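Remarks on the overall topology
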Amino acid sequence: MKRLTLLRCVLIAFGLAPILANPAAFAADKAAPAQAALPAVKPAADVYRLAPGDRINVAVFGYPDFTSQPTIDQSGQVRLPIIGEIHAASLTVDELERRVAHELANGYVNHPVVTVTITEYRPIYVLGLVRRPGVFPYRQGLSVLSAIAAAGGIGTAESVRGTLSADVLQAEERVHQLEIQRATTRIRRARLNAQLNGKQTVDFPDLSESSLDPVQFAQLIENEKRAFQSERDAEKQEADSLQSQIPSLRAEIASLKDQQKLEQQQRDLNHQLVASYEKMMGNGLIRKPNYIEVKREEARIDENIERLRSSVLRADQAIGDTQFRIEQLHDTYRRRVITELQQTDQTLLGLSVSLPAAQRLRAERMRQLGLLTANEAAEPSVTVVRASGKTVVKLAAAGAFKIEPGDVVEVGPLTAPTLATASAAEPANQLAAPGIPVARGGKHDND
């Protein structure tokens, strides 16, 4: 009864209240084949679009105070520092990056480099023949098999075989996540090495033989390419900005030296005039005040020469300071890359131990359960209820079916009687709302 109540609440949340109120209107659907009742599955290559409930990280390179981790509210808005509220729902990560960069460039930041990542997707729901039905966090690459494992596996708490099944699913999920982490770390390490060595492109490792989904692998590669290009562009832009100051300083030095030459010529002429005045004053031809005025002019010229010489020294020092700042900028980027490389090497070292251990644990769990051959494996019937725009669709799903954020996974009766754990007094149709057929063993194109 508790499972039925929970399922009814989820169906109402997805807009299926009319089905609960009038189950007879859907009686004809039960007799139709599952393939005819279920729509086509979206290809995995579809770009993920943000939705309410997703938590994102918005970072602006060089402006740590602008970094925030907002959650998209039910109206599809997020609140960001400086620019305030901005609409994020139904946008891709790339589109949101461009929108935030456009807002920041409108009077806040010159040429902003914005990075948006999804830190937490909206949760999924697992209902039906699982030990712990409820709400679970979503992770990239999550499959029906993994969702069932997170819900405690198939069967009831009293079933030893169900416990072993859950252990196998959890071990499989653990191995899969570690393999994804290793692939992601290796790709990031290749990008960091290219940055450190000043290469123009990144030589990514060949991961074609790994269990990583090709679409997910391509997305990881694309993300690292964008990070590589963004880092290069940001460093070049800052260095060019500093370098552009040096020519003007050198031109200023040349101008000051020209002025020095003119002042020196004036000093030489004035020196001759002073000598003439001294002779004339000795002969009584001029008065002393005239001689004093000429000496004052000589002192003024000497002062100007010293001032120009000081200005030249200051300009030379400014050139040296600017060149030092350029070197310091490159060193800062280089040290940061070296630090990230050390972290990735430590991660890979840890994975070299944890991944083989997880693989051995998976093999042992499968041996205990007797799932070393495909003929002994049995899958439950699973239906995924998914919101698509303003409508809700039902998809037949197998174990490798890829889950999307916000999906509801309905686990029906097991297809293999030897693994059935539900009692005769609790048939599977009592775990679903009346009038909603449960699809049987559908396959997904992403398997």
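Residues numbered from 1 in each chain as written. Predicted model: local features only at pLDDT ≥ 70, side-chain atom pairs only at ≥ 80, totals over all residues. Heavy atoms only, no water.

A few points about empty space enclosed by the protein
Going through the model one piece at a time under the given rule, you end up with two cavities of 30 Å³ or more. Taken as a whole, the largest cavity encloses approximately 50 Å³ of empty space. Lining the largest cavity, in full, are Val58, Val60, Phe66, Ser68, Leu80, Pro81, Ile83, Val100 and Leu104. Tallied by class, the residues present in the lining of the largest cavity amount to eight nonpolar, one polar and no charged. (1 Å grid on protein atoms, 1.4 Å probe; cavity = no way out; pocket = protein on both sides within 12 Å on 5 of 7 lines; lining within 4 Å. Points joined across faces, edges and corners; volume = space filled by probe spheres on them. Nonpolar A, V, L, I, M, F, W, Y, C, P; charged D, E, K, R; others polar.)

Quick notes on the packing of aromatic side chains
For any pair of aromatic rings, the description consists of the separation of the ring centres together with the inter-plane angle of the planes. One pass over the structure, following the stated rule, counts four aromatic pairs. Relative to Phe66, the ring of Tyr63 lies with its centre 5.4 Å away and its plane at 15 degrees, an arrangement referred to as stacked. By relative accessible area, Phe66 is classed as buried at 16%. Arranged with centres 4.8 Å apart and planes meeting at 75 degrees, the rings of Tyr121 and Tyr138 form a pair that is edge-to-face. One end of the pair, Tyr121, is in the loop between strand S4 (114-120) and strand S5 (124-128); the other, Tyr138, is in the loop between strand S6 (134-136) and helix H6 (144-150), with 17 residues separating them in the sequence. The residues Tyr121 and Tyr138 share a single accessibility class, namely buried. Aromatic ring contacts, followed pair by pair, group Tyr48, Tyr121 and Tyr138 into a single cluster. (Phe/Tyr/Trp six-rings, centres within 6.5 Å; stacked < 30°, edge-to-face > 60°. Buried < 20%, exposed > 50% of the residue type's maximum accessible area, 1.4 Å probe, protein only. Helix = DSSP H or I, 4+ residues; strand = E, 2+ residues; numbered from the N terminus.)

Side note on the pattern of salt bridges
It is possible for side chains of opposite charge to pair when their charged atoms get near one another. Enumeration according to the criterion identifies 19 salt bridges in this entry. Note that Arg122 and Asp54 form a salt bridge whose closest N and O atoms lie 3.6 Å from each other. Placement of the pair is Arg122 in the loop between S4 and S5 and Asp54 in the loop between helix H4 (34-37) and strand S1 (55-60), with a sequence separation of 68 residues. Between Lys199 and Asp203 there is a salt bridge, with its nearest N and O atoms 3.9 Å apart. (Salt bridge = Lys/Arg side-chain N within 4 Å of Asp/Glu carboxyl O.)

With respect to unusual backbone geometry
Phi is mostly negative for residues that are not glycine, and the peptide bonds are mostly trans. Non-glycine residue Ile82 carries a positive phi angle of around 75 degrees. Mapping Ile82 onto the fold places it in the loop between strand S2 (77-80) and strand S3 (84-87). One non-glycine residue with positive phi stands out, namely His111, at about 50 degrees. Along the polypeptide, His111 turns up in the loop between helix H5 (93-105) and S4. Classification of His111 as exposed rests on a relative accessible area of 61%.

Examining the environment of Ile326
Mapped onto the fold, Ile326 is located in helix H10 (residues 288-369). We classify Ile326 as buried; its relative accessible area is 7%. Residues Ile326 and Gln243, spaced 83 residues apart in sequence, show a C-alpha to C-alpha distance of 7.4 Å. Sequence-distant contacts of Ile326, defined by excluding residues within four places in its chain, comprise Ala239, Leu242, Gln243 and Ile246. (Contact = heavy atoms within 4.5 Å.)

Brief notes about the side chain of Glu97
Position of Glu97 relative to the elements: it lies in helix H5. Polar contacts involving the side chain of Glu97 include one to the side chain of Arg226, which spans 3.1 Å. When neighbours within four sequence positions are excluded, Glu97 is seen to be in contact with Val114, Thr115, Val116 and Arg226. (Polar contact = N/O pair within 3.5 Å; in protein donor to acceptor, adjacent residues only side chain to side chain.)

With respect to the nonpolar core
Judged by nonpolar contacts, the single largest core of 44 residues is most densely connected at Val100, Val126 and Ile403. It is H5 that contributes the most residues to this core, five residues altogether. With residues near it in sequence (within four places) discarded, Ile403 still touches Ile124, Tyr138, Leu142, Ser143, Val144, Val384, Arg386 and Val409. Counting ten residues, the second-largest nonpolar core is a separate cluster that includes Leu249, Leu256, Leu308 and Ala315. (Core = buried A, V, L, I, M, F, W, Y, C linked by side-chain atoms within 4.5 Å.)

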